[in-house]
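Secondary and tertiary structure notes
One letter stands for each residue in the lines below.
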Amino acid sequence: MTAIPNNNNKRTAFNSTFYIANTMEIFERLAWYGFFTLSSLYMTSPSAQGGLGFSDQERGFLQGMIPFLLYLFPVFTGALADRYGYKRMFILSFIIMAPSYYLLGQVTEFWSFCAVFLAVAIGAACFKPIVVGTVGRVTDDSNRGLGFGIFYTMVNIGGFLGPLIAGYVRVIGWDMVFIMSSLWIAINFIPAIFFYQEPTTTKSTKSIKEVFSEVQEVLGNARLALLVVPLIILLMVSAKGAISFNTSIVIIAIWLITNLAWDKFIKRKLISSANDSAFIPWYHSPIKLGNKPFIVYLLILTGFWAMYLQLFITTPLYIRDFINTQDLVSFLSNNMPSWLPFLAAVNLEQLTDFINTKAMLSNKLTPSSLQQLYFELVNYKVMVPIDEIQKSLVLIQQNQTSSIEVAKQLAERYRQINPEYIINLDFGIIVFCQLFISNVCARYKALPVIVVGTLVVALGLLLGGVAHGLLLGGTVMVTAIIVFAFGEMIASPKSQEYVAAIAPKENTAMYMGYYFVSMALGNLFAGLLSGWGYGYFAKELNSPMLMWLMFASIGIFSAILLVIFNSKWLPNWQQREDSNNASKPQLNSENIATS
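Because the structure is a prediction, the values reported are computed rather than measured.

Cut-offs and rules
Residues numbered from 1 in each chain as written. Predicted model: local features only at pLDDT ≥ 70, side-chain atom pairs only at ≥ 80, totals over all residues. Heavy atoms only, no water. Helix = DSSP H or I, 4+ residues; strand = E, 2+ residues; numbered from the N terminus. Buried < 20%, exposed > 50% of the residue type's maximum accessible area, 1.4 Å probe, protein only. Contact = heavy atoms within 4.5 Å. Lys, Arg positive; Asp, Glu negative; His and termini not counted. Charge placed at Lys NZ, Arg CZ, Asp CG, Glu CD. 1 Å grid on protein atoms, 1.4 Å probe; cavity = no way out; pocket = protein on both sides within 12 Å on 5 of 7 lines; lining within 4 Å. Points joined across faces, edges and corners; volume = space filled by probe spheres on them. Phe/Tyr/Trp six-rings, centres within 6.5 Å; stacked < 30°, edge-to-face > 60°. Lys NZ or Arg CZ within 6 Å of the ring centre and 35° of its normal. Salt bridge = Lys/Arg side-chain N within 4 Å of Asp/Glu carboxyl O. Axes fitted to C-alpha atoms, helices over the stretch in contact; angles between N-to-C directions. Parallel < 35°, antiparallel > 145°, perpendicular 65-115°, else oblique. Left-handed = near helix turned anticlockwise from the far one by under 90°. Nonpolar A, V, L, I, M, F, W, Y, C, P; charged D, E, K, R; others polar. Patch = residues over 30% accessible without salt bridge, like charges linked within 9 Å, V, L, I, M, F, W, Y side chains within 5 Å. Areas by Shrake-Rupley, 256 points an atom, 1.4 Å probe, with all protein chains shown as cover. Expected span 1.5 Å × (residues − 1). Bend = angle between axes of the 7 residues up to and from the residue. Polar contact = N/O pair within 3.5 Å; in protein donor to acceptor, adjacent residues only side chain to side chain. pLDDT = per-residue confidence, 0-100.

**Things to note about the overall build of the protein**
Of the regular secondary structure elements, the protein holds 29 helices and zero strands. Counting only C-alpha atoms, the protein reaches 110 × 60 × 45 Å along its principal axes. Within the protein, the proportion of its 595 residues that are buried is 50%. Excluding contacts between residues fewer than 6 apart, the proportion of contacts in the protein whose partners are at least 24 apart in sequence is 82%. Taking the average place of the 38 positive charges on the side chains of the protein and the average place of its 33 negative ones, the gap between the two points comes to 6 Å.

**Some thoughts on the side chain of Ser181**
If you trace the backbone, Ser181 turns up in helix α7 (residues 174-187). Sequence-distant contacts of Ser181, that is, excluding residues within four places in its chain, are made with Ala31, Gly34, Phe35 and Tyr101.

**Here we look at the layout of surface pockets**
Taken as a whole, the second largest pocket spans an internal volume of roughly 1200 Å³. Put simply, the parts of the chain that give the lining of the second largest pocket at least two residues each are α2 (56-72), α3 (74-84), α9 (208-218), α10 (222-240), α12 (292-308) and α27 (516-540). Here the lining of the second largest pocket takes 10 residues from α10, the largest share from any one element.

**Observations regarding the packing of aromatic side chains**
Enumeration according to the criterion identifies 52 aromatic pairs in this entry. Where Tyr42 meets Phe113, the ring centres are 6.2 Å apart and the plane angle is 45°; that geometry is what we call tilted. You can see Tyr42 sitting in helix α1 (residues 16-44) and its partner Phe113 sitting in helix α5 (residues 110-137), a full 71 residues away along the chain. Owing to a relative accessible area of 3%, Tyr42 belongs among the buried residues under this scheme. Of the residues examined, Phe113 reaches a relative accessible area of 0% and is grouped as buried. With a centroid separation of 5.9 Å and an interplanar angle of 40°, the aromatic rings of Phe61 and Phe110 are classed as tilted. With Phe61 in helix α2 and Phe110 in helix α5, the pair connects residues that are 49 residues apart, well separated along the chain. Each member of the pair, Phe61 as well as Phe110, carries the same accessibility label: buried. The ring of Phe110 carries Lys240 above its face, with NZ or CZ at 4.6 Å from the centroid. Across from the ring centre of Phe375, 4.9 Å away, lies the NZ or CZ of Lys539, which sits over that ring.

**A short note on the pattern of salt bridges**
In total, this model carries 11 salt bridges according to the counting rule given. One salt bridge in this structure joins Arg29 and Glu28, with 2.7 Å as the shortest N-O distance. Of the residues examined, Glu28 reaches a relative accessible area of 1% and is grouped as buried. Ionic pairing is found between Glu388 and Arg413, a salt bridge with its closest N-O pair at 3.4 Å.

**Side note on the packing of α1 against α5**
The geometry of α1 relative to α5 is characterised by a closest axis approach of 11 Å and an angle of 150° between their N-to-C directions. What the angle tells us is that α1 and α5 run roughly antiparallel. Between α1 and α5 lies a crossing of left-handed hand. The residue makeup of the contact of α1 with α5, split by class, is 15 nonpolar, three polar and four charged.

**A closer look at the environment of Asn399**
Position of Asn399 relative to the elements: it lies in the loop between α19 (386-397) and α20 (403-414). Taking the relative accessible area as the measure of exposure, Asn399 reaches 71% and is therefore exposed. The spatial distance from the C-alpha of Asn399 to the C-alpha of Ile20 is 62 Å, given a sequence separation of 379 residues.

**Some thoughts on a nonpolar patch on the surface**
A cluster of nonpolar side chains, contributed by Trp532, Tyr536, Leu541, Leu546 and Leu549, occupies part of the molecular surface with about 450 Å² of accessible area. The set of elements that each furnish at least two residues to the nonpolar patch consists of α27 and α28 (544-583). Residue placement: Leu546 occurs in helix α28. Relative accessible area serves as the criterion here: at 39%, Leu546 is assigned to the partly exposed category.

**Brief notes about the packing of helix α18 (residues 367-377) against α19**
For the pair α18 and α19, interaxial distance at closest approach is 9 Å and the crossing angle is 95°. Relative to α19, the element α18 is oriented roughly perpendicular. Across from Leu370, Gln371, Leu373, Tyr374 and Leu377 in α18, the residues of α19 making contact are Ile386, Ile389, Gln390 and Leu393. Its residues placed into classes, the contact of α18 with α19 shows seven nonpolar, two polar and no charged.

**Details of unusual backbone geometry**
For Lys381, which is not glycine, the phi dihedral falls at a positive 70°. Within the secondary structure, Lys381 is located in the loop between α18 and α19. What makes Lys381 buried here is its relative accessible area of 11%. For Asn399, which is not a glycine, the phi torsion comes out positive at approximately 60°.

**Concerning α1**
End to end, α1 covers 43 Å across 29 residues, agreeing with the expected 42 Å (1.5 Å per residue, within 8%). Where α1 bends most, the angle comes to about 55°, and this point is Leu38. Here α1 lies mainly inside the structure; 25 of its 29 residues are buried. The backbone nitrogen of Thr17 lies 3.2 Å from a side-chain oxygen of the residue at the head of α1, namely Asn15.

**Digging into the environment of Pro286**
One can find Pro286 in the loop between α11 (245-272) and α12. For Pro286, a relative accessible area of 21% gives the class partly exposed. Separated by 151 residues in the primary sequence, Pro286 and Ile437 have C-alpha atoms spaced 46 Å apart. Excluding residues that lie within four positions of it along the chain, Pro286 makes contacts with Asn221, Arg223, Asp263, Ile266, Lys267 and Leu270.

**Some remarks on the confidence of the model for the protein**
In the predicted model, the protein carries a mean pLDDT of 87, and the fraction of residues at 70 or more is 91%. Per-element confidence in the protein is highest for helix α14 (residues 315-322), whose mean pLDDT is 97, and lowest for helix α29 (residues 589-594), whose mean pLDDT is 39. Note on residues 1-7: pLDDT is under 50 here. Beyond four places in sequence and across chains, it has three contacts.

And the structure:
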């Protein structure tokens, strides 16, 4: 590894716009992670407890589709910001997000919630490229590395504090979670309007048409989009349950065969009319991939993100429904009792009302209904054994005790740590350890580091799966989150660095801008797989370990593909491209003389 020469150049001081952008980033992340880390819990909690009561399939659809679009929109919102100014786009993003976050807590129907969630994603997609662009524009070669290091620290600080605050206020009611998210965004109007100064070089003449040309160069042409986009829509529709899985497979097969046949027909037609210089419509063009190595890398990385994102969309549910954190509660009770009302708060009023309602049905209890009661009670932050549920309800019906007394006893014996606080350890560890891990990993090439990090994340998921049913389940789960965090710190930063190794040197910056496509696809498949896998493996089969084996296998398979990609596929592609370039005729004086 070549050392960077030290010319004793002084680092340029950051200007006020840099600090304003980082401040807005903290508040935006407070809003997003305050909602998103708890979104699985909110969507699946019963309406009586203030949630939406959506099925796991519906939850997976929303958590797959909306973040998928969020990571796609910046291609166009970033171009708009370059043309019309960053400050305007900042204000527009807050105008969209502030009321949308509030409305998320007011709507209860599936499609209305989907529409508002989409509005949040549009606002976030307006914000995301501008804040990153601001940091890039107001820094130079002397301070850019430090500048982005500070920026990503702010991201994790917001990610750490957001769920902590949201988890505390949700004891009051779910509405408060969304009110707080809306408030964080509203605060951002102050720095955006009064203190933010437009970077001097934000204007660009790049049109939307030119953005589409870039997309074709990097990813592929419109015919490829025509092939892929309907397949993605079909996956979403199938995940929602609008059509059966078997029906979707048949439609996918028909669509693929139709497009491949049309492609073959077009190629033959083009060969027969090779000398015809007439304009060819896009739908008469054959399917064309962009940069093949880059596309394959993004597709492989999609597997990493699909596995990684389970921390936010599946793990909170898994902890709530299957992990008994009484060992952590006991530790806090003995050593830090003042922390219990914050980390393991139980709303006794809501719990009492629920128990009182179910006590009326104690004569009709069956094994399946008792199992259902168990899953309903965990929404009130108590994990009660099934035999204890039946015993308590019978005692209430026989007037041997009251609902309030039972609620107090259950809260005392079976209260649980909020899942979002355990998940939050990931952000906390990253805030304190990322710089150290990055310095260690800087000594090694990107690909081996990504592979090791991916495998460590998979190990963290498997360790979390083992926690189910253990006496020290909470402690094992905390250990799993710590292992997961180290895997994330190892793999995630290097995954972007590797883009520079496979992108054309003259267009590295442009290709870096399309790295997010892997995150978009990762979000899509993470949500769809979470909705199906949690509903089937964890709930229906009562075997959550099978679900975690599935997710870990995706990560392990992605790591293997990365090794093959780097050692075989990429060198072969590069060698072929070099041969093609060498075989092209060169326009020199000899060619000109003989022509």
